[in-house]
Structures are given as structure tokens and as C-alpha cells.
Amino acid sequence: MRFLIISHTLHKSLGNSLYAYAPYVREMNLWLKHVDEVEVVAPETNTTITNLEMSYTREDIIFNAIPSIIFTSVKNSLNSIIKIPTIFILIFKACRRADHIHLRCPGNIGLLGCLIQIFFPKKIKTAKYAGNWNPNSKQPLSYRFQKSILSNTFLSKKMQVLVYGVWKDQSKNIKAFFTASFSNKDIIIPLERHYDNTIYFVFIGSLVKGKNPLLAIKIVEALQKKKKVVLELYGDGILKNELQQYINDNNLQATIHLKGSQVNEVILEVLKTSHFLILPSKSEGWPKAIAEAMFFGVIPVATKISCVPFMLDHGKRGILIEPSIGEAVESIEDQLKNKENLERMSKAASRWSQDYTLETFETEIVKLINR
């Protein structure tokens, strides 16, 4: 089987190895264990490989680099429009060679892939929609267009679309899916937490507006007036200086700590002892930080977006909050009054997350490849 990946993810070549964003590559490596030939059509960059990237395990990948297209300004848009015909032809030819077409959506390249796959109704296809599939959410026009094509069984024949969460009134080709981070061998009995003394919160993610780290800080700041709390933020981003300034201006140095980006081993040790993970994001696909925290019994505190209510079983495995300081604090304080329920919530979170291991994930992938 010749397996084709069409992706907007930037790729980098070094020797015989091909590198890209680590979580994406880690997932694709599981797919590629079960196919004969692999072709990747994606943009290429010559920038230095970072610790956020890793290589595919296979070195026999046929890589067809295409230009990246962006529409953030008039100049970029004009340049991108000029490139589209060339990209269209390259993707079309790759689809013609493929036995299985795999799209990574949403994204500009994914959108072109959605259109081109229509011309190949007899080929087996999968699409991983890594964004928010909620039909009622406000999203860019290009995202809505991709979703409409993918869910149209006439336009997307022999297509299985993998989405995060369970949604009502979906077409028969929409399949609720997940992402895994840990193996069966990583499963442990989570540490039993106590909620009577200092409460430890952790934020894991990029320090950008979409992740809302300032709101996380303000929520914990409000909580400290009644509880002894600590918040550690792991990650870097353009808001780092602004967040540090807020911490300094409000004398929060004893309560709020910016830890920067850390290796996985450090993050895992933090998750084994923290009480809550707080992630008041504005948008998510499958929030990896939440699933990983739950694996170790950390209770998520998260906004009601995308598949988060599904992951938290609508409040049985975590605390769902509104993006409001007052309402969020009230929700957390209500839960802190019931220590037994918090213990049940922690256990329920770990049981659920530990069902979604890499082995389970790979089993489901094999079914998709061999259908």
C-alpha cells in the first residue's frame, strides 16, 4: 500500500531523516508502521531543528516539498494565490499515485486536499480533523468549508473523518477519535491527593492569547484571597513578558511562577503531584495537556469548548468553567468544599485517560488502514 499524507505542517530535512512537529510525527509514526510505501506532501523550511520537533522513524519516505501558503496580509495572499496552481498539480499527482489518501485538517493545504480528493472517489481516504468539530462554534470560513466537504458523503466517498468528541446529527463517515500520549506500561495508580492544605495548580501550554494564561493567573489570584494556592505555568510564548509584568505589578511572586518550557520528564513529575490543571482556552482540538494531566489523576479546570465537556464527562471528571474570573472562582470554590467528590473526580479522570493508550490508538489506526 502506498500511503499519502497531505499536511500543512512544516517539515525539515537532515541527512536521510525528515523532521516535523513532534506530536504530529509521533502519531504518524504509528500509522506508518502498517503501510508499505509513504509519500508526504507538505511545506518545507530550512530553519534549525528544535526540541519541539522529531524525525519520522522511517527513512524511506518520499517527500514532495510544496510552498506554504498564508493569507495574513495582502502581499502574502497574492503570493499564495500565485502558488496555488502548482500546489494543486503536485497534490493531484500524488493522489493519483496513492492507494490511501490521508488529509491533515484544518489548514490551507488540508483545504486543497479536501477539494482534490473529490476527483478520486474510489480511493480509500482518512482525514484527521485536529481542530474544534463543534458544529455550533464560530470558526473561520475556510474551516467551515473543509468541514462541509469532509462530512458530505457524496463529495468525500470512501472517507473516514476522525474528529474529537461526540456530536449529534453527524454524517455516517464522521468517527469520534482521540490522541494518545502514554503506553500501557506507563499506567500507574495515581497519588492520592489531599485538598486541605496548599492547592497546587498547573498550566501547561503556549503563552499565547488563545490559551488564555492571563485568565488562569487572575483566577488563581482571586482564589488566593480565600485559599492557600500556587500556580506554575509551563510553556513559552509572546505573552511571557506581559505575564511576568502582571505578576510583579500585583506582588504575586510567591503564588505564581513562570517555569518556561521544560522537557517531558519534568512535566510528568509535576503532573504526578499537582491537584488541578487549569486551561481556560478560547479554542482547542484535543487538548493534549488535559488528557495527560488526567492520566495522573490531576483534575482539569477548563472552559466548555470543543470536546472538553466530553473529555470531562460534563463535570464528572473535571471542573467546567466559564471564561469569567468570578464564575470560574465560584465553580472551583464549590468543588473544594467537597473533598470526597474531588477524590472521586481524580480517580474517574485517571481511569478514563488510561483507557486511551498508544496501544489502543494503534489498534484503531490499523482498522482504518485495513478497511
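Structure first, text after, so check above.
So, how was this worked out
Residues numbered from 1 in each chain as written. Predicted model: local features only at pLDDT ≥ 70, side-chain atom pairs only at ≥ 80, totals over all residues. Heavy atoms only, no water. Core = buried A, V, L, I, M, F, W, Y, C linked by side-chain atoms within 4.5 Å. Buried < 20%, exposed > 50% of the residue type's maximum accessible area, 1.4 Å probe, protein only. Contact = heavy atoms within 4.5 Å. 1 Å grid on protein atoms, 1.4 Å probe; cavity = no way out; pocket = protein on both sides within 12 Å on 5 of 7 lines; lining within 4 Å. Points joined across faces, edges and corners; volume = space filled by probe spheres on them. Nonpolar A, V, L, I, M, F, W, Y, C, P; charged D, E, K, R; others polar. Pairing = 2+ DSSP bridges. Helix = DSSP H or I, 4+ residues; strand = E, 2+ residues; numbered from the N terminus. Axes fitted to C-alpha atoms, helices over the stretch in contact; angles between N-to-C directions.

Take the nonpolar core next. As a rule of thumb, nonpolar side chains are buried together in soluble globular proteins. One finds Phe 201 and Phe 276 to be the most contacted residues of the largest nonpolar core, which totals 84 residues. Beyond its immediate sequence surroundings of up to four residues, Phe 276 is in contact with Tyr 195, Ile 199, Tyr 200, Phe 201, Val 202, Val 298, Ile 299, Val 301, Ile 319, Leu 336 and Leu 342. Core analysis: the next-biggest nonpolar cluster, separate from the first, contains 28 residues, Ile 101, Cys 114, Ile 116 and Tyr 129 among them.

What follows covers the layout of surface pockets. Leftover empty space is mapped by rolling, across the atoms, a probe with the size of a water molecule. Volume-wise, the second largest pocket comes out at about 190 Å³. Of the residues in the lining of the second largest pocket, the class split is 5 nonpolar, 3 polar and 5 charged.

Take the sheet that holds strand β12 (residues 229–234) next. Taken together, the 6 strands give an open sheet; going across it, the order is β13-β12-β11-β14-β15-β16, and neighbouring strands pair in parallel fashion. The sheet terminates laterally at β13 (256–260) and β16 (319–321), the two strands that pair on one side only. Averaged over all adjacent pairs, the angle separating strand axes in this sheet is 25 degrees, with direction ignored. Relative to β13, β12 runs parallel, the two sharing 4 bridges. The residue bridging Leu 231 from the neighbouring strand is Ile 256, located in β13. In this fold helix α8 (residues 288–295) packs onto β11 (199–204), β14 (276–279) and β15 (299–303), with an angle of close to 170 degrees to the strand it touches most, β14.

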